[in-house]
Amino acid sequence: MPDAERVITLQEKLYQKAKQERAYKFYVLYDKMFVPYMLREAWEKVKRNGGSPGVDGITISDIEQRGIEEYLQTLGEELRTQTYKPSAVKRVMIDKANGGKRPLGIPTVKDRIAQTVCKMILEPIFEADFEDSSFGFRPNRSAQDAMRAIKENLKQGKTEVYDADLSKYFDTIPHDKLRLTLEQRISDPRILKLIEKWLKAPVFEDGQYKSGKNNRKGTPQGGVISPLLANIYFHLIDRIINNPTSLFSKNGIKIVRYADDFVLMGTHLSEIVIGKLKNLLNRMELTLNEDKTRQIDATKENFNFLGFTVQYANDLRGRNTKYWNITPSSKSRQKVRDKIGCYLKAHGHSNVNLVVKDLNAIMRGWLNYFDIEGVSYPAMSKRELRYYLFDRINRYFARKSQRKCRLYGHNAFEVLSTNYGLIDPTKYARR
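Along each chain, residue indices are assigned from 1 in the same order as the chain's sequence is written. Per-residue local features of the predicted model are confined to residues with pLDDT of at least 70, and side-chain atom pairs are confined, for both listing and counting, to 80 or more; whole-chain, interface and lining totals are unaffected and use all residues. Side-chain numbers come from the whole structure's heavy atoms, not from hydrogens or water.

Engineer: Could you give an account of the overall build of the protein chain, naming the residues involved and the relevant values?
Structural biologist: Summing up its helical and strand segments, the protein chain has 16 helices and 11 strands in all. Throughout, radius of gyration means the C-alpha value; the globule benchmark is 2.2 Å times the number of residues raised to the power 0.38. Its C-alpha atoms give the protein chain a radius of gyration of 24 Å, within 12% of the compact-globule value 22 Å for 431 residues. Dimensions of the protein chain, computed from the C-alpha atoms along their principal axes, are close to 70 × 60 × 45 Å. For the protein chain, the proportion of its 431 residues judged to be buried stands at 48%. Sequence-distant contacts in the protein chain: of pairs separated by 6 or more residues, those separated by 24 or more amount to 70%. If you sum the accessible surface of the protein chain, you get close to 22,100 Å²; carbon and sulfur atoms cover 48% of it. Secondary structure elements are defined from DSSP: runs of H or I of at least 4 residues count as helices, runs of E of at least 2 residues count as strands, and each element is numbered from the N terminus. Partly exposed residues are those whose accessible area sits between 20% and 50% of the maximum for their type, while under 20% is buried and over 50% is exposed, using a 1.4 Å probe and protein chains only. Contacts are assigned to residue pairs that have any heavy atoms within 4.5 Å of one another. Note on areas: Shrake-Rupley, 1.4 Å probe, and residue coverage restricted to the protein chains presented here.

Right under this line is the structure:
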């Protein structure tokens, strides 16, 4: 049986056991951490995801050259004998859409493989518990599903929206309370100890090692296991809000969450309800960013979520009606234009076929994300993107005139669309 099928079979068994016995605690899991087919499948996942090397500088290519089987066998033996020790996490700062910086932790390839095995074991167990209102970093769920849920809530009249913004959620998850949530399902001390090692791994930044054993909070963004741990911890909030006997459910309030981004939606969000939410977050040692958190009437004000703008708009066909218009936000539209512009600027001497291939990859990802049948209406954004492409590509080939580029003086956008397969955003259908 192929490795992938064997992993799926194991995961299905774990999921079914967890689903059928809600109070069951799994006490023998660690022995699956060093099973050869688990390690091989974890390697394949890490390889497909690619990524930069960690603090040891070892790349995926380096491991392939040394010999994958021997490498995985050595890692498996370290896990079996519990001599495995994670390396420091390399921290880099990446740009945010608002101009700020966000820390990204990069574990070594070796640690990514080990974390992937652990994730493959734990994920089906906690998937059996997770709420339908949670969409981020989960199998077969997406941002598009979250937007469908938001639109459905709006159509049901839940137009009062509490648009919450958590301050540095991944960096502030308390380890002791996270462990308590893990222990609700996991009683294998070896798995818990392994997760603790990852949480307490030192950070390497600006040539220095920081934190380490004294870490009491946070799970690095960029770690394979981090999104799952983040979902496990915030599941407490999901569960309370969705409990039929809770103050939230009794008032008809719904939550839609994607990782640490969430909104509460209802017909009336009283101060008592919001106070209850803040109290829950405070008990979990989480903090709202009050400057970015706001409560609105969505029939009167727009709000942004996951790169989309939600607006109660007038029907453009002249009818005296309104509808829920969900479109790419202005930041999202600017981001794809900037990406295209930066690419063209950096590839002034590239082959036409390569340029078309790379631009199509940029646009296809953006268009597939924002074009949700029956939910979002990005037609105007598609026209805007087409106009931008038309202008930038014509100017791009005009700069090549001194090298006698054969597209100089022609309608380069139309030529590339017709003869080279460049995507025309206005004619693109989601795939």
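Engineer: Help me get a handle on the environment of arginine 138, residues and values and all.
Structural biologist: Along the chain, arginine 138 turns up in the loop between helix H5 (109-127) and helix H6 (143-155). For arginine 138, a relative accessible area of 8% translates into the label buried. Placed 163 residues apart in sequence, arginine 138 and glutamate 301 show a C-alpha to C-alpha distance of 30 Å. When sequence neighbours within four positions are dropped, the list of residues in contact with arginine 138 reads Glu127, Phe130, Glu131 and Asn231.

Engineer: Kindly report on the sheet that holds strand E7 (residues 261-266), identifying the contributing residues and their values.
Structural biologist: On the basis of which strands lie adjacent, the open sheet formed by four strands has the order E6-E7-E3-E8 and antiparallel pairing. Lying at the two open borders of the sheet, with one neighbouring strand each, are strand E6 (254-258) and strand E8 (294-297). With strand direction ignored, the average angle separating the axes of adjacent strands in the sheet is 20°. Criterion used throughout: strands pair if DSSP finds at least two bridges between them. Taken together, the four bridges between strand E3 (residues 160-165) and E8 define a ladder with antiparallel strand orientation. Directly across from glutamate 160, in E8, lies its bridge partner aspartate 297. Here an axis means a line fitted to C-alpha atoms, over the contact stretch when the element is a helix, while the angle between two N-to-C directions is reported on a 0 to 180 degree scale. In this fold H6 packs onto E6 and E7, with an angle of close to 160° to the strand it touches most, E6. Contacts from helix H10 (residues 226-242) reach E6 and E7 within the one sheet, and its direction differs from that of E6 by about 165°.

Engineer: So what about the side chain of glutamine 144? Which residues, and what values?
Structural biologist: Within the element layout of this structure, glutamine 144 appears in helix H6. Setting aside its immediate chain neighbours within four residues, glutamine 144 contacts Asn368, Tyr369, Ile372 and Arg430.

Engineer: Quick one: what's the story with the packing of helix H15 (residues 379-398) against helix H16 (residues 412-419), residue by residue and with numbers?
Structural biologist: Between two packed helices, what matters for the description is the angle formed by their axes and the separation of those axes. Where H15 contacts H16, the two axes come as close as 7 Å, and the packing angle between them is 105°. If you check the angle between H15 and H16, you find them roughly perpendicular. Every residue of H16 that contacts H15 at Arg386, Leu389, Phe390, Ile393, Asn394 and Phe397 is listed here: Ala412, Phe413, Glu414 and Leu416. By residue class, the composition of the contact of H15 with H16 is seven nonpolar, one polar and two charged. Convention used here: angles under 35 degrees read as roughly parallel, angles over 145 as roughly antiparallel, angles from 65 to 115 as roughly perpendicular, and any remaining angle as oblique. Amino acid classes used here: Ala, Val, Leu, Ile, Met, Phe, Trp, Tyr, Cys and Pro are nonpolar; Asp, Glu, Lys and Arg are charged; the rest, including Gly, are polar.

Engineer: Explain the environment of leucine 75 to me, using residue names and the numbers behind them.
Structural biologist: Within the secondary structure layout, leucine 75 lies in helix H4 (residues 68-80). Judged by relative accessible area, leucine 75 falls into the buried class, the value being 2%. Note: C-alpha distance between leucine 75 and aspartate 129 (54 residues apart in sequence) is 31 Å. Apart from the residues lying within four places of it in its own chain, the contact partners of leucine 75 are Leu39, Tyr84, Lys110, Ile113 and Ala114.

These figures capture arrangement, not role.
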